[in-house]
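Chain residues, written in single-letter form:
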Amino acid sequence: MLSIKNLQAKIGEKQILQGIDLQINAGEVHAIMGPNGSGKSTLASVLSGREEYEVTEGEVDFLGKNLLELSPEDRAREGIFMAFQYPVEIPGVSTINFMKTALNQIRTYRGQQALDAVSFLGLMKEKMKLVEIDQSLLNRSLNEGFSGGEKKRNEVFQMAMLEPKLSILDETDSGLDIDALRIVANGVNKLRSQNNATIVVTHYQRLLDYIVPDFVHVLYKGRIVKSGTKELALELEAKGYDWIKNEVAAV
Amino acid sequence: MSKDNQVLEELTSKEYEHGWTVNLEADEAPRGLNEDTVRFISAKKNEPEWLLEWRLKAFRMWVKMAEPKWPNVHYPPIDYQDIIYYSAPKKKASLNSIDEVDPELIKTFEKLGISLGEQKRLTGIAVDAVIDSVSVATTFKDKLSELGIIFCSFSEAVKEHPELIRKYLGSVVPINDNYFAALNSAVFSDGSFCYIPKGVRCPMELSTYFRINAANTGQFERTLIVAEEGAYVSYLEGCTAPMRDENQLHAAVVELYTMKDAEIKYSTVQNWYPGDKNGKGGIYNFVTKRGLCFGDHSKISWTQVETGSAITWKYPSCVLKGDYSKGEFYSVAVTNNYQQADTGTKMIHIGKNTSSRIVSKGISAGKSQNSYRGQVQIMKRASNARNFSQCDSLLMGDQCGAHTFPYIDVENNTARIEHEATTSKIGEDQIFYCQQRGISEEAAVALIVNGYAKEVLNQLPMEFAVEAQKLLALTLEGSVG
Ligand SMILES: Nc1ncnc2c1ncn2[C@@H]1O[C@H](COP(=O)(O)OP(=O)(O)O)[C@@H](O)[C@H]1O
Ligand SMILES: [Mg+2]
C-alpha cells in the first residue's frame, strides 16, 4: 500500500528526515516510536503534504501513485488520513458541517454523487456509535473548547466517517486519561480491516497495549534505527530510549 | 469651500443659461445636475407640486454642502455633472404581473439565484425589482393588500398614498442630514414603500432587488417602511450591478419607522460590482440608512452582508426614542483586491431602558481596507440603557488593513456598555487541517469565513443565508496562497 524509499526532508535549513525506508501493506498496523524531536511528526506531516517541509530525496508510492506529487487534499481524497497531535479550532464550523463538506469533496473527486441529507445522517449515526461520541459535541464549533480527550475522540470520529485506506495517528494518546485512551483505541480497533492500514505514532508504549501493532519501528535522529514486532515496544519500555541512543552511538 | 463645491456653485448659479428643455419623451435625463434635472425627474414621474418643492429644497441645500471627508476611504473627485440622474430601462411600462417582465431581467435575477418566477409560485417572498431607476415588478401585491399591507414602488406610493409619503418622507433622515442624503432627496428616482397597518404581522418576506444596468447612470433609490403599532415585517434588499470600467454612484436613503410594539427586520445582501483586480471600476456606495424606534417597546434590526462596491460608506443606524425600544446591527463586510469599506452603525439611545446590540465582522483580503465605525450615544434621559458591541476583524494576507473606530458617548451614568474587539488571521494550520480532510484550499477558506460570520448569517432568512454564504466564498476567491 505504502512504500517509502530513502525519504529525506528538511524544514528551513534544518534537515530532519535523514533517509527513511518503510513498507506498509494493507491490513497492517505499524507503530513508530522514538524520543521527542526524532522526526515522527515530521514524517507524518511529509506524508500528508504539509508545505513547510521540503522533500530533498526519496520516493513515496501510495497505491501505485507518486504521493509526493499530490496536493494535500488529493492525498486525503486518495485515502490518507491524519489524526492530528494538536487538532486546530475552527470557530463557527460544526464537526457535522465540516464532515459534510469533506465527504462531499472527496466523493466529487472520486466521481460519486454528493450524499443526500438522509444518507449522511445515517452514516453519521452509525459512526457516532462506533466511536462512542455524543452528538452534542458534533454540533459544537470544531475543537473549540474541547478537552484533550474530546479532541482526540473527534479525530477518530472523522477517521470513521471518511473511511481512509491509510490512517496516521500522531500521538493520539497524548493528554488522555486511561478511560479516554481506551475509548479512542477501541474506535481505532473497530476501524481496522484487511483493506486498510494504520501508522501509530507514539512516544509511549502505553497506547500499544490497546492498539496492538504488527510492526514497531524506532525513529531516532531522522532514521529508522530499529524495526521489530510488538515485543520491541516492550523492550523499549523496559530499557528506555537511552538504550537505542547508545546502540546508535556504538555503530 | 472645497474645489468641487466651487465648481458646483458656479454651475448651479448659472443654471438657466445651460438649462435644457424638458423632453418628456426621453427615457434618460440629460447628463448633469441642476434644478432642471430635478424638475425633469419630478415631471417624468408626474409628481405633485409639494414633492417637487421638497426636491428643490434638497437640491439647494446640497449645493451648499460638501462631501464628507472623514471616512477612511480614498477616491478621485466625483464629477457630479458627468452623471445621468435618471434612466428608465428600455422595456419599461407599468407591468401588471411578473410574467410581463423582460425575460432578460428575469434571467439576470436567476443568475443571482433569485428567481422572480419561482418566488411567485412558491409562497414566501414578495419582490419589488428596481432596475436602474424604475420599479419593474412588484409581486404578491393582491395577497398583501388583503391584510392592508402596502408594498409598492415609491412612485406609485406617491400617487396612491400621498398622505403617508408626505407624513413620513424625510422624517427619519432629514433632507440635509448629509451630503449624499441631500443629493438623494433631490434626485431620487424610485424605490420601495412599505406600510404595515396596526397589529398586522406581514406573513412573508418583502424584498427589493436593485440593479444598476445602464452605463454612466447613478442610482438614487429611496425606501420607506412604516410599521404601525404592533406590526411586524421582515424586509430584504439585494443589489447588483454589471461590470463596468468607470465608477458608478449609488446614493440611496432608507428610512424605517416603528410605532409602539412594532418591529422591522431589515436585511441587505449588497453585491454591487466591486471593480476589477486592479481596482478599476466599481460602484461607489454612499448610503444613508436609519431607523426610528418611535414607539415604546419597538424594535429595529439591521443585518447586512456587504461584499460588493469599490467603496462602501454606510452606517445603518437606530434612533431609540421609545422607552424599552431596541436596536440591532449585524454586519459582515468583506473587502478584497482594492475595495474600501467604511461601515458600521450608530445607536442613539434617547428613551429609558433602551438597548442595542452590535455584531460586526470585517473580513479583509488582497490590498483592501476595511473599517468599522460605530457610535453608541446615550442621551441624558436614557436611564438604564444597555449596549453590547462585538467588532471582529479577520485578515487574509498581509497587504490589507482592518481598522475600528468606536465612539462612545455617555450622558447618563446608569448606562451599561460592553465593547469587545478581536483581530485574527486565517491560519495556515486551519487551512491545512481542512485540506487533510479532502477539502480544497478555496473551499477551506469559504468554510472558515462562513464559520467566522455565522452569528450574522444566522440573522438572515434561510434562503438568503445560503446566497450570502456563496457570495462570501466568491468574493474571496483567489485571495489565498
Ligand atoms: N517548524 C519547525 N521549524 C524548525 N524546526 C522544526 C520545526 N518543526 C519541527 N522542527 C524540528 O524538527 C525536529 C523533529 O521534530 P518532530 O518531527 O516534531 O519530532 P517528534 O514528533 O518526533 O517529537 C525537532 O528537532 C524539531 O525541533
Ligand atoms: Mg510529534
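Since the structure is predicted, the reported quantities are computational estimates derived from the model, not experimental observations.

Caption draft 1: Structural context of the overall build of chain B. Helix and strand counts for chain B stand at 13 helices and 21 strands. Here chain B holds 481 residues, and 62% of them are scored as buried. For chain B, contacts bridging at least 24 residues in sequence account for 82% of all contacts bridging at least 6.

Caption draft 2: Main features of the overall build of chain A. Across its full length, chain A holds nine helices and 12 strands. Computed over its C-alpha atoms, the radius of gyration of chain A comes to 18 Å, within 12% of the 18 Å expected for a compact globule of 251 residues. If one aligns the C-alpha atoms of chain A with their principal axes, the spans along those axes are about 60 × 40 × 35 Å. Per-residue burial for chain A yields a buried fraction of 54% across its 251 residues. Long-range contacts, defined here as pairs at least 24 residues apart, represent 69% of the contacts in chain A between residues at least 6 apart. Accessible surface, chain A: about 11100 Å² in total, of which carbon and sulfur atoms supply 47%. Where the 29 positive side-chain charges of chain A centre and where its 34 negative ones centre are 2 Å apart.

Caption draft 3: Up close: the sheet that holds strand β11 (residues 215-220) of chain A. Residue and element names in this part refer to chain A. Strand order in the open sheet made by the six strands is β6-β9-β10-β3-β11-β12, with mixed pairing throughout. Strand pairing shows two members of the sheet lacking a second neighbour, β6 (80-83) and β12 (223-228), which therefore form its edges. Geometrically, the sheet is characterised by an average inter-axis angle of 20° between neighbouring strands, direction not taken into account. This element, helix α9 (residues 241-250), spans β3 (29-33), β10 (197-202), β11 and β12 of the sheet and lies at about 115° to β12.

Caption draft 4: Seen up close, the state of the cysteines. Residues and elements named next belong to chain B. For the structure shown, the criterion picks out zero disulfides over all chains. Not part of a disulfide, C202 finds its nearest cysteine sulfur in C194, a span of 6.5 Å. Of the cysteine sulfurs around C400, a residue in no disulfide, the closest is that of C391, at 17 Å. The exposure class of C400 is buried, given its relative accessible area of 13%.

Caption draft 5: Fine view of the site of ligand 1. Residue and element names in this part refer to chain A. Around ligand 1, the structure places I11, K14, I16, P35, N36, G37, S38, G39, K40, S41, T42 and Y53. The contact in question runs from an oxygen atom of ligand 1 to an N or O atom on the side chain of K14, over 3.0 Å. Take G37: an N or O atom from its main chain is 2.8 Å from an oxygen atom of ligand 1. Coverage of ligand 1 by the protein amounts to 62% of the 560 Å² it exposes when considered alone. Elements that contribute at least two residues to the shell around ligand 1 include exactly β2 (14-24) and α1 (40-48).

Caption draft 6: Quick peek at the interface of chain A and chain B. Tallying the contact residues gives 30 residues for chain A and 19 residues for chain B. Summed over both partners, the interface of chain A with chain B comes to about 2000 Å²; 62% of that surface belongs to carbon and sulfur atoms. Counting across the chain A and chain B interface gives two salt bridges. One salt bridge in this structure joins E155(A) and R437(B), with 2.7 Å as the shortest N-O distance. Taken together, the links from chain A to chain B amount to 13 residue pairs in polar contact (both at pLDDT 80 or more). Every element with two or more residues in the side of chain A that touches chain B is listed here: α2 (72-78), β6, β7 (90-94), α3 (95-109) and α6 (148-162) of chain A. The element contributing the most residues to the side of chain A that touches chain B is α3(A), with six residues. Its residues placed into classes, the side of chain A that touches chain B shows 16 nonpolar, eight polar and six charged.

Caption draft 7: Here's a closer look at the confidence of the model for chain A. Looking at chain A as a whole, the pLDDT averages 92, with 100% of positions reaching at least 70. Per-residue pLDDT, averaged within each element of chain A, yields its smallest value for α9(A) (80) and its largest for α2(A) (97).

Caption draft 8: Representation of the packing of α3(A) against α6(A) within the structure. All names here are of chain A. The contact between α3 and α6 brings their axes to 10 Å, and the two run at 30°. Helix-helix and strand crossings are classified by hand; for α3 and α6 the assignment is right-handed. Between α3 and α6, the residues in contact are T95, F98, M99, A102, L103 and I106 and N154, F157, Q158, M161 and L162, respectively. For the contact of α3 with α6, the class distribution of residues is eight nonpolar, three polar and no charged.

Caption draft 9: Molecular detail of the packing of aromatic side chains. Residues and elements named next belong to chain B. Under the definition given, this model contains 26 aromatic pairs over all chains. Each ring, one from Y80 and one from Y179, has its centre 5.7 Å from the other, and the planes form 75°; the classification is edge-to-face. With a gap of 99 residues between them, Y80 in the loop between α3 (49-64) and α4 (103-111) and Y179 in helix α9 (residues 179-187) connect regions that are remote in the sequence. As far as burial versus exposure is concerned, Y80 and Y179 are alike and both buried. On the numbers, 5.3 Å between centres and 80° between planes, the contact of F154 with F188 is edge-to-face. Within this pair, whereas F154 is found in helix α7 (residues 154-160), its partner F188 is found in the loop between α9 and β4 (190-196), the two being separated by 34 residues in sequence. The same class applies to F154 and to F188, which are both buried. Three or more aromatic residues joined by ring pairs form one cluster here, namely F59, W62, W70, Y75, Y80, Y179, F180, Y284, F286, W313 and Y315. The lysine or arginine in question, R55, covers the ring of F188, its NZ or CZ lying 4.0 Å from the ring centre. If you follow R222 out to its NZ or CZ, it ends over the ring of F188, 5.7 Å from the centre.

Caption draft 10: Seen up close, the side chain of S38(A). All names here are of chain A. For S38, the location among the structural elements is in the loop between β3 and α1. A relative accessible area of 3% places S38 in the buried class. Ignoring sequence-local partners within four residues, the contact set of S38 consists of L219, Y220, K221 and G222.

Caption draft 11: Highlighting the pattern of salt bridges. Residue and element names in this part refer to chain B. Across all of its chains, the model carries 28 salt bridges over all chains by this definition. The partner of K260 in a salt bridge is D261, and the shortest N-O contact between them spans 3.4 Å. The exposure class of K260 is partly exposed, given its relative accessible area of 39%. Put simply, E35, D36, R39 and R60 are held in one network by salt bridges that share partners.

Caption draft 12: Here's a closer look at helix α7 (residues 178-191) of chain A. Residue and element names in this part refer to chain A. In a regular helix each residue adds 1.5 Å, so 14 residues correspond to 20 Å; α7 covers 20 Å between its end C-alpha atoms and thus fits that length. Buried within α7 we find A180, L181, I183, V184, A185, G187, V188 and L191. Those residues of α7 that are buried are in contact with α4 (117-131), α6 and β9 (166-170). You can read the cap of α7 off the contacts: a side-chain oxygen lies 3.2 Å from the backbone nitrogen of D179, and it is on D177.

Caption draft 13: Seen up close, the sheet that holds strand β5 (residues 65-66) of chain A. Residues and elements named next belong to chain A. Pairing within the open sheet is antiparallel, and its four strands lie in the order β2-β1-β4-β5. The open sheet is flanked by β2 and β5, the only strands paired with a single partner. Looking at chain direction, strand β4 (residues 53-62) and β5 are connected through two bridges and run antiparallel. Looking at the pairing, F62 lines up with K65 of β5. Sheet strands touched by α1: β1 (2-11), β2 and β4. Its angle to β1, the strand with the most contacts, is close to 110°.

What counts as what
Residues numbered from 1 in each chain as written. Chains lettered and ligands numbered in written order. Predicted model: local features only at pLDDT ≥ 70, side-chain atom pairs only at ≥ 80, totals over all residues. Heavy atoms only, no water. Helix = DSSP H or I, 4+ residues; strand = E, 2+ residues; numbered from the N terminus. Buried < 20%, exposed > 50% of the residue type's maximum accessible area, 1.4 Å probe, protein only. Contact = heavy atoms within 4.5 Å. Rg over C-alpha atoms; globule rule 2.2 N^0.38 Å. Areas by Shrake-Rupley, 256 points an atom, 1.4 Å probe, with all protein chains shown as cover. Lys, Arg positive; Asp, Glu negative; His and termini not counted. Charge placed at Lys NZ, Arg CZ, Asp CG, Glu CD. Pairing = 2+ DSSP bridges. Axes fitted to C-alpha atoms, helices over the stretch in contact; angles between N-to-C directions. Disulfide = S-S within 2.5 Å. Near = heavy atom within 4 Å. Polar contact = N/O pair within 3.5 Å; in protein donor to acceptor, adjacent residues only side chain to side chain. Buried area = accessible area lost by both parts, 1.4 Å probe. Salt bridge = Lys/Arg side-chain N within 4 Å of Asp/Glu carboxyl O. Nonpolar A, V, L, I, M, F, W, Y, C, P; charged D, E, K, R; others polar. pLDDT = per-residue confidence, 0-100. Left-handed = near helix turned anticlockwise from the far one by under 90°. Phe/Tyr/Trp six-rings, centres within 6.5 Å; stacked < 30°, edge-to-face > 60°. Lys NZ or Arg CZ within 6 Å of the ring centre and 35° of its normal. Expected span 1.5 Å × (residues − 1).

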